[in-house]
Amino acid sequence: MRSSLRDASPRRYLMCPPAHFQVTYSINPWMDPSKPVDLPLAMTQWEDLRDRYLALGHTVELLAPRPGLPDMVFAANGATVIDGRVLGARFAHPERAAEAAVHRDWFRAAGFTEVHEAAHINEGEGDFAVTASYVLAGRGFRSSPLSHGEAQEFFGRPVIGLDLVDPRYYHLDTALCVLDDAADEIMYYPDAFSPGSRAVLARLFPDALVAAEKDAAALGLNAVGDGRHVLLPQAAVGLFEPLRDRGFEPLGMDLGELLKGGGSVKCCTQEIRAAV
């Protein structure tokens with residue numbers, strides 16, 4: 001029997017328009033510089049996502065795009081914000097390194113007083129996923145295992161390290177999505193993780209929604225949940241009915257042009273979690 005719909009909580013998101021988005025290099029298996037980007041279409045798709053957040057009652061802050069930084073549209077990678085404290089990113093690849101300072105400067109200008117410049121490589125919410133009980137932390141392709149201890153010390157929350165083993169799922173947010181942070185509810189794709197990490201996820205989240213390979217390959221886990229709505233790539237059709245059965249309202253989004261850079265809904269969306 002299908003569950004009744006849940007309550008959503010208002011969120012504050014940071015996004016960056018894809019004004020300079022292009023694929024001129026390859027730093028993940030999704031990127032192919034030989035495939036041209038339709039920039040007006042990418043902008044339209046991004047605007048649709050922004051407008052959907054606004055229509056749902058969320059707040060969207062804008063980070064100004066910079067020439068020469070085509071991946072800034074993937075704003076989730078620039079920092080992790082918990083309880084009003086900002087852990088800045090330190091990117092693994094030089095092509096994106098300058099984005100970190102842009103994010104730190106934005107937060108300082110916005111009045112955040114605890115903005116930490118990371119000592120170890122982490123790519124923000126690409127590899128950090130936050131629930132009420134844990135900070136789930138990916139490693140294996142981008143973020144350093146040393147960043148997990150740094151995050152735990154900075155945020156004062158337990159950090160659970162998870163090993164990613166499939167290069168298609170190079171960030172945690174391509175293989176796992178927090179559906180309802182307050183309830184510690186997630187969905188994930190098991191084969192993206194090492195056997196030990198799969199066992200940890202099964203122990204911590206025994207009732208998680210487990211995604212099939214076809215939906216994971218559509219980047220269906222690169223999604224954003226607000227406790228009720230789940231915005232996800234529309235091609236991940238196998239996830240819609242299981243989400244509805246759990247009381248969520250799935251909302252399919254077309255970000256096909258941005259997928260050429262290896263990102264979708266979550267990659268474009270950094271959550272700003274205020275102090276409680």
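Given the structure is predicted, the values throughout are model-derived calculations rather than measurements.

**Quick word on the pattern of salt bridges**
Scanning all chains against the criterion turns up 23 salt bridges. Among the salt bridges present, the one from Asp-180 reaches Arg-6, with a minimum N-O distance of 3.5 Å. Here Asp-180, found in strand S9 (residues 176-180), pairs with Arg-6, found in the segment before strand S1 (12-15); they are 174 residues apart in sequence, far enough to count as distant. According to the relative accessible area criterion, Asp-180 is buried, its value standing at 12%. Notably, a salt bridge pairs Arg-244 with Glu-241, separated by 3.4 Å at the nearest N-O pair. In this pair, Arg-244 and Glu-241 both sit in helix H6 (residues 240-245), three residues apart, roughly one turn of the helix. Under the relative-accessibility criterion, Arg-244 is labelled partly exposed at 32%. We classify Glu-241 as partly exposed; its relative accessible area is 37%. Each of Arg-11, Glu-125, Asp-181, Lys-266, Glu-271 and Arg-273 takes part in a single network of salt bridges with overlapping partners.

**A look at the sheet that holds strand S12 (residues 224-225)**
Read from one edge of the open sheet, three strands run S12-S13-S14, paired in mixed fashion. Two strands close off the open sheet at either side, each with one partner strand: S12 and strand S14 (249-253). With two bridges connecting them, S12 and strand S13 (residues 229-233) associate as antiparallel partners. Opposite Gly-225, over in S13, you have Val-230 as the bridge partner. In the packing of helix H1 (residues 39-55) onto the sheet, contacts are made with S12, S13 and S14, and the angle to S14 comes to roughly 155°.

**Description of empty space enclosed by the protein**
For the coordinates displayed, the defined rule picks out three cavities of 30 Å³ or more. If you go around the largest cavity, you meet 21 residues; those closest to its centre are Ala-129, Val-130, Val-178, Lys-266 and Arg-273. Residue assignment for the lining of the largest cavity shows that the elements contributing at least two residues are strand S6 (128-130), S9 and S12. Split into classes, the residues belonging to the lining of the largest cavity amount to 10 nonpolar, two polar and nine charged. The space that makes up the second largest cavity amounts to roughly 70 Å³. When grouped by side-chain class, the residues that make up the lining of the second largest cavity number five nonpolar, six polar and three charged.

**A look at the pairing of strand S7 (residues 135-139)**
Counting buried residues in S7 gives four out of five residues, a clear majority hidden from the surface. Two elements, S6 and S7, share three bridges in a ladder whose sense is antiparallel. When the sheet's bridge partners are listed, Phe-128 is paired in S7 with Ala-137. Counted between consecutive antiparallel strands, the loop separating S6 from S7 contains four residues.

**Points about the nonpolar core**
Counting residues in hydrophobic clusters, the biggest one holds 33 residues, and the most contacted among them are Leu-176, Met-187, Phe-193 and Leu-243. Those elements giving two or more residues to this core turn out to be strand S8 (159-163), S9, strand S10 (185-188), S13 and H6. Once residues within four sequence positions are removed from consideration, Phe-193 is found in contact with Leu-162, Asp-163, Leu-164, Val-165, Leu-172, Ala-175, Leu-176, Tyr-188, Arg-198 and Leu-201. Counting residues in each nonpolar core, the second largest holds 23 residues, with Phe-21, Leu-49, Leu-251 and Cys-268 among its members.

**Some remarks on the packing of aromatic side chains**
Under the defined criterion, the tally for this structure stands at eight aromatic pairs. On the basis of an interplanar angle of 75° and a centroid distance of 6.0 Å, the ring pair of Tyr-134 and Phe-205 is categorised as edge-to-face. Remark: Phe-205 occurs in the loop between helix H4 (195-204) and strand S11 (209-210) and Tyr-134 occurs in the loop between S6 and S7; sequence separation between them is 71 residues. Measuring from ring centre to ring centre gives 6.2 Å for Tyr-188 and Phe-193, while their planes differ by 75°; the resulting arrangement is edge-to-face. Here the aromatic residues Trp-106, Phe-107 and Phe-112 are joined through ring pairs into a cluster of three or more. Taking NZ or CZ as reference, Arg-6 lies 3.9 Å from the ring centre of Phe-248, over its face. Lying over the aromatic face of Phe-154, Arg-85 brings its terminal NZ or CZ to 4.1 Å of the ring centre.

Thresholds applied
- Throughout this description, residue numbers start from 1 for each chain and increase along the sequence as written.
- Residue-level local features of this predicted model are given only where pLDDT is at least 70; pairs of side-chain atoms are given and counted only at 80 or more, and the full residue set underlies all totals for whole chains, interfaces and linings.
- With hydrogens and water stripped out, all remaining heavy atoms of the structure feed into the side-chain values.
- For salt bridges, the criterion is a side-chain nitrogen of Lys or Arg within 4 Å of an Asp or Glu carboxyl oxygen.
- Going along the chain from the N terminus, every DSSP run of H or I of four or more residues is numbered as a helix, and every run of E of two or more is numbered as a strand.
- We call a residue buried when its accessible area falls under 20% of the maximum for its residue type, exposed when it is over 50%, and partly exposed in between, using a 1.4 Å probe and counting protein chains only.
- Strand pairing is assigned whenever DSSP identifies at least 2 bridges connecting the two strands.
- Contacts are assigned to residue pairs that have any heavy atoms within 4.5 Å of one another.
- A fitted line through C-alpha atoms serves as each axis, taken over the contacting stretch for helices, and the angle formed by two N-to-C directions is quoted from 0 to 180°.
- Lining residues are those with an atom within 4 Å of a point, where the points come from a 1 Å grid over the protein atoms alone and group into cavities, where a 1.4 Å probe fits but cannot get out, or pockets, open sets with protein on both sides within 12 Å along at least five of seven lines.
- Grid points are joined across faces, edges and corners, and a volume is the space filled by probe spheres set on the points.
- Note that Gly is not counted as nonpolar here; it falls among the polar residues with everything else outside the nonpolar set of Ala, Val, Leu, Ile, Met, Phe, Trp, Tyr, Cys and Pro and the charged set of Asp, Glu, Lys and Arg.
- Buried Ala, Val, Leu, Ile, Met, Phe, Trp, Tyr and Cys residues form a nonpolar core when they are joined through side-chain atoms within 4.5 Å.
- Pairing of aromatic rings covers Phe, Tyr and Trp, the last counted by its six-membered ring, and requires centre-to-centre distances within 6.5 Å; plane angles under 30 degrees mean stacked, over 60 mean edge-to-face, and any other angle means tilted.
- We call a charge positioned above a ring when the Lys NZ or Arg CZ atom is no farther than 6 Å from the ring centre and deviates by at most 35 degrees from the ring normal.

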